[in-house]
Amino acid sequence: MIRFENVSKVYNGNTPAVENLNLEIERGEFVCLIGPSGCGKTTTMKMINRLIEPTSGTIKINGKDIMQIDAVDLRRGIGYVIQQIGLFPHMTVAENVALVPKLLGWNPERRRKRVGELLPLVGLDPAEFRDRYPRELSGGQQQRVGIIRAMAAKPDVILMDEPFSALDPISRESLQDEMKRLQRKLKLTIVFVTHDIDEALKLGDRIAMMRAGQIVQLASPEELLRNPTNEFVAQFIGRDRLLTDPDVLTVADVMIKPVTVDPGHGLAEAIVTMKKRRVNSLLVTDENDKLLGIVIPKQIDLTRRGTVADVMRTVTVTTAPDVHLREAFQRMFLDHLDLLPVVTAEGTLVGLLTSTAMVDALSDVIWAEGDAQ
Amino acid sequence: MIRQVLAVFLDPRMQRTLLLQAAEHISLSLSAVVLAVLVAVPLGVWLTRREQLAEPVMATFGLLQTIPSVALLAFMIPLLGIGREPALAALFLYALMPILRSTYTGIKQVDDAILEAGRGMGMTSRQLLFLVEMPIALRVILSGIRVSTVLIIGWATLAAFVGGGGLGNTIMSGFAMVSPGQILAGGIPVTLLALLADYLLGRLERVVTPRSLRA
Ligand SMILES: Nc1ncnc2c1ncn2[C@@H]1O[C@H](COP(=O)(O)OP(=O)(O)OP(=O)(O)O)[C@@H](O)[C@H]1O
Ligand SMILES: [Mg+2]
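Because the structure is a prediction, the values reported are computed rather than measured. (Residues numbered from 1 in each chain as written. Chains lettered and ligands numbered in written order. Predicted model: local features only at pLDDT ≥ 70, side-chain atom pairs only at ≥ 80, totals over all residues. Heavy atoms only, no water.)

> Please clarify how the domain arrangement of chain A should be interpreted in this entry.
When the parts of a complex come together, some accessible area is lost, and that lost area is often taken as the interface size. Taken domain by domain, chain A consists of domain 1 (2-238) and domain 2 (252-361). A straight line from the C-alpha centre of domain 1 of chain A to that of domain 2 of chain A covers 52 Å. (Domains from an automatic or database assignment.)

Shown next, in the form of C-alpha cells:
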C-alpha cells in the first residue's frame, strides 16, 4: 500500500541521505526501519507524509503518487508520532486527540465520542484524563495520548519516529506491548523508526535494516536473526542475540565435536579412550565419517576380546545440523535420550547433541535474559 | 507639601482639569499602544518567518528606543506640527519595540517538536499560527504589551511639551509656577494610572493563560 520506487534524497548537494530506495509496505503491516544514526531512517519516513520531499523517485500510497496529493490532505490521512511527543501544551488531552478530526470538520459530538473510544485503548480513563493538560501527565501517559492522537481520524498509515526512546524502560516496555496489541487488533499499517534492535525484533512484522541511505536487508525478525545477509547486519543484531534466542538456535549452534572411533578399534583401547577423553560414549564412523553406530561402556565385556564393530549398536534416532534446537531437545526428552548424533542428509556425522550441551544452551538463554534486565 | 497637593486635589476647578487631562492621557496612551500592537504583532510574526531580517529590523527599532524622548518629540514637530499627532507618533514608536520583541521571541520559543507534530498532522501554516503558535505565545506577547503600556503612560507626560495634552500639562504648569504641589498633583495620577494598567494587564495575562501554561 506504500511503495517506494527508486527514491533518493540529497540534501543540498551532499552525499545522498537516501539512495535509490525500493520498499513496498503491505496494508496491516508493521514495518520497522532500523540502522545506525544518520543512515536515513527519519528521512525515509518523513518522505511518506511529505515533511521531506524526495529528490528523485516516486512514492505511492494505494497506487497514487503522493506528489499528486495536496500535502495537507495527505498528512491528515497519515498518523504521525514523534520522539518528543509534541502534544499541544495549551490544549487538553481531548482537544489534542480530536485535533485532526476537527481539522477534517467532524462535529463536536462525533469528536467527543471518538475521544471516549480512544483513551481506553491505551489504558487511560476518559473521565479522569479527558480534561487534563499535557503537563499534568507522566511521559508515558503523554506518549499514549500522542499515539491515540495519531489514530484519531482512522488514518491509513501511522508513522512513528523513535516514539518510545525517550521513555523510562518500564513505560517503554508496556507501550511496546500495547502498540503491538493495538496494531494487531485494529490491523494498523505502521512504519516505525527505531535504533533499538530489541524493539524492532519485538514489534516488526518486517524489519528494514538500513545503512548509508540504503536498505541492506528487509526481512522478518526470524529471518533476520537466522540469516543476516552480511556481517554488518549480524553485528547490528549482535552475536549474543543470534546465539541465545532459543527459537532461533539450531542444533549446529550447540552441538559438540563427538569422540569417534573406527570400527576396527579394540575394546580395551576404546575404554581407555573414553577415560582419557572423559566421555561415556563413542561414535563409530568409517573413513568417510559415515556414522555406523555407537558404543557405551555397558556394552563392553572386558573379559572378551574383540573390536568396537562387534559390540556397537546402530543408531536409530539422529538429527540434522539445521534442525531447530527446540525440536531436537523435545526429541531427546520424549525418547529419553542422553545423546543425539547430528548427521547430514548424506549420513556424515558432524556433531553430537548431549544433555549437557542442552543444559549449557538453556543456561545461556537464562543468563542472557538475566543480564539484559 | 502634602497640604499643597491636597489643596490642588480639593480645588473643584483643578479636579475638573485633572479629570479631563487624565482622560486625554489615557486616550493618548491607549491609542499609541493599540496602534503599536496592530503594527508590531504582525511584524513580529512576519519576522519569525524571515529570520535573516529579524535582527536588522529589531536593531533598527532598538535604535529608536535610544533616542531621548524629548528629542524624538521635538523631531516630530517639523513633521507633524504641534498637538496630539506628533505626541501620538512619538509614543507609538516607543511602544513598538517591547511588543515587537515579545511577539518575536514568544513565537520563536514555541517548541519545534510541537510545530513538527502540527505540520505532520496536516495543519496549514495559518492554522499552525492561530491554533498553536499565537495561543502559546500569547502570554509573552501580553507581557510585552504590558511593558509598553506602562512605559507609554509615563512618557505620555511629555506630550504636553508639544501641546499633546494629558496630565503633563499640570506638571508643566507646576514647573512654571515653581509649585511642587502642582507638580505632584499631576505626577501622582500618572503613577496611579501606570500601576492600574500594570495590574489590569497582569490580570488579563493570567486569565488568557490556560492552566497548562501557567508557571
Ligand atoms: N535537513 C537536513 N539538511 C541536511 N542534511 C540532513 C537534514 N536532515 C538529515 N540530514 C542528513 O541526512 C542523513 C540522514 O539523516 P536522518 O535524519 O534520516 O538519519 P536517521 O537515520 O534518522 O538518524 P538518527 O538515528 O540519528 O535519527 C544524515 O547524514 C543527516 O545528517
Ligand atoms: Mg532519526
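Structure's up, so let's keep going.
> Would you mind showing me how to read the pattern of salt bridges here?
Any two side chains of opposite charge can pair if their charged atoms end up close together. A complete count under the given rule lists 20 salt bridges over all chains for this structure. Here A:Asp156 ties to A:Arg27 by a salt bridge, and the two come within 3.9 Å at their closest N and O atoms. Pair noted here: A:Asp156 is in the loop between α7 (139-151) and β7 (157-161) and A:Arg27 is in the loop between β2 (18-25) and β3 (30-34), with a separation of 129 residues, a long-range link. In this structure A:Asp156 comes out as partly exposed when scored by relative accessible area, which is 34%. Look at A:Arg27 and you get exposed, because its relative accessible area is 52%. Between B:Arg146 and B:Glu205 there is a salt bridge whose closest N-O contact spans 2.9 Å. With B:Arg146 in helix α7 (residues 125-155) and B:Glu205 in helix α9 (residues 180-208), this residue pair connects regions lying 59 residues apart in the sequence. Judged by relative accessible area, B:Glu205 falls into the buried class, the value being 9%. (Salt bridge = Lys/Arg side-chain N within 4 Å of Asp/Glu carboxyl O. Helix = DSSP H or I, 4+ residues; strand = E, 2+ residues; numbered from the N terminus. Buried < 20%, exposed > 50% of the residue type's maximum accessible area, 1.4 Å probe, protein only.)

> Sorry, what's going on with the interface of chain A and chain B here?
Of the residues lining the interface, 26 residues belong to chain A; the matching set on chain B comes to 21 residues. Where chain A touches chain B, the interface holds one salt bridge. Between B:Glu116 and A:Lys46 there is a salt bridge, with its nearest N and O atoms 3.2 Å apart. The tally of links between chain A and chain B comes to five residue pairs in polar contact (both at pLDDT 80 or more). At the level of secondary structure, the elements contributing two or more residues to the side of chain A that touches chain B comprise α2 (71-76), β6 (78-82) and α4 (99-103) of chain A. Its residues assigned to classes, the side of chain A that touches chain B shows 13 nonpolar, five polar and eight charged. (Contact = heavy atoms within 4.5 Å. Polar contact = N/O pair within 3.5 Å; in protein donor to acceptor, adjacent residues only side chain to side chain. Nonpolar A, V, L, I, M, F, W, Y, C, P; charged D, E, K, R; others polar.)

> Would you take a moment to explain the packing of helix α2 (residues 12-49) of chain B against α9(B) for this structure?
The axes of two packed helices give the description: the angle between them and the distance between them. Residue and element names in this part refer to chain B. The N-to-C vectors of α2 and α9 enclose an angle of 40 degrees; their axes lie 11 Å apart at closest approach. One element, α2, and the other, α9, form an angle in the oblique class. For the element pair α2 and α9, the recorded crossing hand is right-handed. The segment α2 lies against α9, with Met14, Leu18, Ala22, His25 and Ile26 engaging Gln182, Ala185, Val190 and Leu193. Taken together, the residues of the contact of α2 with α9 sort by class into seven nonpolar, two polar and no charged. (Axes fitted to C-alpha atoms, helices over the stretch in contact; angles between N-to-C directions. Parallel < 35°, antiparallel > 145°, perpendicular 65-115°, else oblique. Left-handed = near helix turned anticlockwise from the far one by under 90°.)

> Which parts of the structure should I look at to understand helix α4 (residues 69-80) of chain B?
Each α-helix turn comprises 3.6 residues. Residues three or four places apart therefore point the same way. Residues and elements named next belong to chain B. For α4, with 12 residues, the first-to-last C-alpha span of 16 Å sits near the 16 Å given by 1.5 Å per residue. Three or more residues of α4 are buried, namely Ser69, Leu72, Leu73 and Met76. With its buried residues spanning 100 degrees around the axis, α4 presents them on a single face. More than 90 degrees from the buried face of α4, the exposed residues found are Phe75 and Pro78. Buried-residue contacts for α4 involve α5 (84-108) and α7. Gly81 sits one or two residues past α4 and shows a positive phi near 75 degrees. (Expected span 1.5 Å × (residues − 1). Arc of directions from axis to C-beta.)

> So what exactly am I meant to see when it comes to the pairing of β6(A) here?
Both faces of the sheet carry side chains from a regular strand, because those side chains alternate between them. Residue and element names in this part refer to chain A. Across the five residues of β6, five count as buried, placing the element largely inside the fold. Here β6 shows no split at all, with Ile78, Tyr80 and Ile82 on one side and Gly79 and Val81 on the other all buried. Pairing analysis gives five bridges linking β6 to β7, with the strands arranged parallel. Within β7, the residue paired with Ile78 across the bridge is Val157. (Pairing = 2+ DSSP bridges.)

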